[in-house]
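Take a look at the letters that make up each chain.
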Amino acid sequence: MELNPLEQALHTARALVMADLVAGDVAEADVVSFVEDAVTHRRWWVEQWPEGAEFVTGLIAQDVQDALLEKYGRWPLCPACAEDEPHALDVEPELGPDPHWVCVKAAVAVAPVGALGEVLRR
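Residues numbered from 1 in each chain as written. Predicted model: local features only at pLDDT ≥ 70, side-chain atom pairs only at ≥ 80, totals over all residues. Heavy atoms only, no water.

Below, the discussion takes up the overall build of the protein. A count of helices and strands for the protein gives four helices and three strands. Each helix and strand of the protein, placed in order from N terminus to C terminus, yields the pattern α-α-α-β-β-β-α. Rg of the C-alpha trace for the protein: 14 Å, near the compact-globule value of 14 Å for 122 residues, within the 12% margin. If one aligns the C-alpha atoms of the protein with their principal axes, the spans along those axes are about 45 × 30 × 25 Å. For the protein, buried positions account for 41% of its 122 residues. Averaging the positions of the 8 positive and the 22 negative side-chain charges in the protein gives two centres separated by 4 Å. (Helix = DSSP H or I, 4+ residues; strand = E, 2+ residues; numbered from the N terminus. Rg over C-alpha atoms; globule rule 2.2 N^0.38 Å. Buried < 20%, exposed > 50% of the residue type's maximum accessible area, 1.4 Å probe, protein only. Lys, Arg positive; Asp, Glu negative; His and termini not counted. Charge placed at Lys NZ, Arg CZ, Asp CG, Glu CD.)

This is the structure:
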């Protein structure tokens, strides 16, 4: 059974965001609920604008980041500026393909969404 392209984009986005949450050791049950809520919300969004399917990963990452900020605090914390005051990475582009976690303070791309584990394991 093959998924339609919109569902495939949503499943891929869910997997990439979950990989980053697992890498940061924050994939608790309530946090996974944030991911599911974001996927549900973005499903409606991408059904209305199918051309935006390539943007859904970054949007879901931002949605989860916002939900975590409200409940727990900043996430993911920047590994590039360890000596400075802790601050969160941003998703860039805000609405575009190939989203990355970026430290705006140091002006560096830290990792693609879904690949934080490669940076955090160092």
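Further notes follow.
With antiparallel pairing, three strands are arranged side by side in an open sheet as β1-β2-β3. Edge positions in the sheet fall to β1 (90-92) and β3 (108-112), since each of these pairs with one other strand and no more. The sheet shows a mean angle of 40° between the axes of neighbouring strands, taken without regard to direction. Here three bridges tie β1 to strand β2 (residues 100-103), and the two strands are oriented antiparallel to one another. (Pairing = 2+ DSSP bridges. Axes fitted to C-alpha atoms, helices over the stretch in contact; angles between N-to-C directions.)

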